Amino acid sequence: MNSPVKGSCLCGAVSFELALPSKFCAHCHCSNCRRAHGAAFVTYVGFRQDQLQLSGADRLTRYLTETGATRSFCNRCGSTLFYEGPRWEGEVHVVLANIEDEIDRPPGAHVYVDHRAPWCEILDELPRYGGETGTEESR
Ligand SMILES: [Zn+2]
Ligand SMILES: [Zn+2]
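Residues numbered from 1 in each chain as written. Chains lettered and ligands numbered in written order. Predicted model: local features only at pLDDT ≥ 70, side-chain atom pairs only at ≥ 80, totals over all residues. Heavy atoms only, no water.

## Some points on the nonpolar core
Ranked by internal contacts, the top residues of the largest apolar core, which has 17 residues, are Phe16, Leu18, Phe47, Leu81, Phe82, Val94 and Ile99. Contributions of two or more residues to this core are made by strand S2 (15-18), strand S4 (42-48), strand S8 (80-84) and strand S9 (91-95). If we ignore the near neighbours within four places in the chain, the residues touching phenylalanine 16 are Val5, Lys6, Gly7, Ser8, Leu52, Gln53, Leu54, Leu81, Phe82, Val94, Asn98 and Ile99. Listed in part, the 10 residues of the second largest apolar core include Cys33, Ala69, Tyr83 and Val95. (Core = buried A, V, L, I, M, F, W, Y, C linked by side-chain atoms within 4.5 Å. Buried < 20%, exposed > 50% of the residue type's maximum accessible area, 1.4 Å probe, protein only. Helix = DSSP H or I, 4+ residues; strand = E, 2+ residues; numbered from the N terminus. Contact = heavy atoms within 4.5 Å.)

## Some details on the side chain of serine 8
Along the chain, the position of serine 8 falls in strand S1 (residues 5-8). Polar side-chain contacts of serine 8 include one of 3.0 Å to the side chain of glutamate 100. The residues contacting serine 8, other than those within four sequence positions of it, are Val14, Ser15, Phe16, Leu81, Asn98 and Glu100. (Polar contact = N/O pair within 3.5 Å; in protein donor to acceptor, adjacent residues only side chain to side chain.)

## Looking at the sheet that holds strand S7 (residues 70-74)
Taking strand neighbours across the sheet as the criterion, the seven strands line up as S6-S7-S8-S9-S4-S3-S10 in an open arrangement whose pairing is mixed. In the strand order of this sheet, the two ends are held by strand S6 (60-64) and strand S10 (109-111), each with one partner. Each strand axis lies, on average, 30° off the axis of its neighbour in the sheet, ignoring direction. By the bridge criterion, five bridges tie S6 to S7 in an arrangement that is antiparallel. (Pairing = 2+ DSSP bridges. Axes fitted to C-alpha atoms, helices over the stretch in contact; angles between N-to-C directions.)

## A closer look at the pairing of S1
One ladder, built from four bridges, connects S1 with S2; its direction is antiparallel. The residue of S2 that forms the bridge with valine 5 is leucine 18.

## A look at the coordination of the zinc ion (ligand 2)
Put simply, a metal with four donors set out as a tetrahedron has ideal angles of 109.5 degrees, and one with six donors set out as an octahedron has ideal angles of 90 or 180 degrees. Taken together, Cys28 (SG), Cys30 (SG) and Cys33 (SG) make up the protein donors of the zinc ion (ligand 2), found 2.1 to 2.4 Å from the metal. Each donor residue of the zinc ion (ligand 2) lies on one chain, and together they are spaced C-x1-C-x2-C. The exposure class assigned to cysteine 28 is buried, which follows from its relative accessible area of 7%. In this structure cysteine 33 comes out as buried when scored by relative accessible area, which is 3%. (Donors = N, O, S within 2.8 Å, 3.2 Å for Na, K, Ca; no water.)

## As for the coordination of the zinc ion (ligand 1)
Summarising the metal site, the zinc ion (ligand 1) is bound by the protein donors Cys9 (SG), Cys11 (SG), Cys74 (SG) and Cys77 (SG), whose distances to it range over 2.3 to 2.4 Å. Metal-centred angles of 107 to 112° between the four donor atoms at the zinc ion (ligand 1) mark the site as tetrahedral. The sequence pattern describing where the donors of the zinc ion (ligand 1) fall on their chain is C-x1-C-x62-C-x2-C. With cysteine 11 in the loop between S1 and S2 and cysteine 77 in the loop between S7 and S8, the pair connects residues that are 66 residues apart, well separated along the chain. (Tetrahedral: all angles 85-135°; square planar, octahedral: opposite > 155°, others 65-115°.)

## Re the pattern of salt bridges
When charged atoms on two side chains of opposite charge get close, those side chains can pair. Tallied over the entire structure, the rule returns four salt bridges. The salt bridge involving aspartate 50 is made with arginine 48; its shortest N-O contact spans 2.9 Å. A relative accessible area of 60% places aspartate 50 in the exposed class. Here arginine 62 ties to glutamate 84 by a salt bridge, and the two come within 3.4 Å at their closest N and O atoms. Linking arginine 62 in strand S6 with glutamate 84 in strand S8, this pair joins segments that are 22 residues apart in sequence. Residue classification places glutamate 84 among the buried positions, given a relative accessible area of 16%. (Salt bridge = Lys/Arg side-chain N within 4 Å of Asp/Glu carboxyl O.)

See below:
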């Protein structure tokens, strides 16, 4: 059995443990993720919510977006940590950059590629999904 992987925000006020196995790992290029994280795209690892154990929850601000999703970040240092959306009931998508340990899989796909920043070129051979839902087969 795998031991849990650890992660935290930049300042360490919020830390967490995740029980493996993960469900997926993917790069999201949607504009909401880009804005929320200030990045060209965001790499997420998916888990069931009960696989996440959180410390420092009082430092976590949960922002409810217009799409009904919740984006959570450390209210001390601003690190973006978790995404929970109505489309993925019972799941939490954790920002890979804030996980310290190695997880059980490499990134497996790009999603929302039709929404990607024009200055961000995808240079790998991973499967690409797009369309309005972000997860439709794309060329
Ligand atoms: Zn922090
Ligand atoms: Zn996204």
